[in-house]
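Breakdown of the fold
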Amino acid sequence: MDSIIDGVSHFRSVVFHEQRSLYQRLVHHGQQPKALVISCADSRVVPEIITQSGPGELFVCRNAGNIVPPFSQMNGGVSSAIEYAVVGLGVVDIVVCGHSDCGAMKALLKPEALKDMPNVAAWLRHAESARHVLREAYSLLPEAEAARVLAMENVVAQLNHLRSHPSVAAKLASGQLNLHGWFFDLESGHILALDGDTGKFLPVGDRNQTLQVAVRGTRRAVADPCCGHTHGNASHVTAAE
Ligand SMILES: [Zn+2]
């Protein structure tokens, strides 16, 4: 713990001292993070570092395997973080970030490694659909690439789960939220982002390229059977007729 305590001491005496006005502003005005980031708890995957973000800029939820359990009536930490970020803080982007060399993905490929970790095994059942996709759609994949591809398919699976959460579904339907699927390559430092249009993970970071969005929020529009005009939501159609 010595190096950790030294870090605390350095933070208080140097870093916090330099950023005192920033922290005061964040206390007085509250946090207004730009995005919710759901990433793996892996110690090498630090959302604030890979995005070079400071205090108050990201609302972060980390767990083994960057899992998003599908919405259910059972309360859970990830579900609560999503709801609070979307409804309470009004974030307009959610990033699900997987990574290379992920222990959770390797365990998913070798379930016998989890025989003494029943909680991890139960948790990773939320990634079962990604494992099935790997088996069905990548039958010719060399074994050495399996964990990497599984990590990307797991991001896709968790984005699908994210859409089952009522707060997320509502904001997507009103065009107030976008979902992003990222993959952090520990070996190269590159971030790849899922492009919803092509289904491919493409590099992020080139200022000249358009931002890849996995699921773009689009305001619902329906044709009014009475006047033929298009309306932004369904309430006009269903209210009085
Ligand atoms: Zn991981």
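Above this text sits the structure in question.
Structural notes, computed from the coordinates. (Residues numbered from 1 in each chain as written. Predicted model: local features only at pLDDT ≥ 70, side-chain atom pairs only at ≥ 80, totals over all residues. Heavy atoms only, no water.)

Details of helix H8 (residues 146-162)
- A rise of 1.5 Å per residue sets the reference length of H8, with its 17 residues, at 24 Å; its end C-alpha atoms lie 24 Å apart and thus fit the reference within 8%.
- When you tally the buried positions in H8, you get 14 out of 17 residues, the bulk of the element. (Helix = DSSP H or I, 4+ residues; strand = E, 2+ residues; numbered from the N terminus. Expected span 1.5 Å × (residues − 1). Buried < 20%, exposed > 50% of the residue type's maximum accessible area, 1.4 Å probe, protein only.)

Remarks on the pairing of strand E5 (residues 191-195)
- Within E5, five of the five residues are buried, which leaves it mostly tucked inside the rest of the structure.
- Neither face of E5 is exposed, since Ile191, Ala193 and Asp195 on one face and Leu192 and Leu194 on the opposite face are all buried.
- Summarising the sheet, strand E4 (residues 178-184) and E5 pair through three bridges and their orientation is antiparallel. Along E5, the bridge assignment pairs Phe183 with Leu192.
- Connecting the antiparallel pair E4 and E5 is a turn made up of six residues, with Gly189 showing a positive phi of about 80 degrees.
- Here four bridges tie E5 to strand E6 (residues 200-203), and the two strands are oriented antiparallel to one another. (Pairing = 2+ DSSP bridges.)

Some details on the packing of helix H4 (residues 77-88) against helix H9 (residues 166-173)
- One can describe the packing of H4 onto H9 by two numbers: an axis separation of 9 Å at closest approach and a directional angle of 35 degrees. Here H4 runs over H9; the crossing is left-handed. Across the interface between the two elements, Ile82, Glu83, Val86 and Val87 of H4 pack against Ser167, Val168 and Lys171 of H9.
- Across the contact of H4 with H9, the residue classes break down as four nonpolar, one polar and two charged. (Axes fitted to C-alpha atoms, helices over the stretch in contact; angles between N-to-C directions. Left-handed = near helix turned anticlockwise from the far one by under 90°. Contact = heavy atoms within 4.5 Å. Nonpolar A, V, L, I, M, F, W, Y, C, P; charged D, E, K, R; others polar.)

So, the pattern of salt bridges
- Overall, the coordinates contain seven salt bridges when judged by the stated rule.
- In this structure, Glu57 engages Lys34 in a salt bridge whose closest nitrogen and oxygen atoms are separated by 3.3 Å. Within this pair, whereas Glu57 is found in the loop between helix H3 (47-50) and strand E2 (58-63), its partner Lys34 is found in the loop between helix H2 (20-29) and strand E1 (35-40), the two being separated by 23 residues in sequence.
- We classify Glu57 as partly exposed; its relative accessible area is 25%.
- A salt bridge links Glu128 to Arg131; its shortest N-O distance comes to 2.6 Å. Of this pair, Glu128 and Arg131 both sit in helix H7 (residues 128-137), separated by three residues, roughly a single helical turn.
- Overall, Glu128 belongs to the partly exposed group, its relative accessible area being 25%.
- Exposure remark for Arg131: the relative accessible area of 23% places this residue in the partly exposed category.
- What emerges from the salt-bridge pattern is a single network uniting Asp42, Arg44, Asp101 and Lys106. (Salt bridge = Lys/Arg side-chain N within 4 Å of Asp/Glu carboxyl O.)

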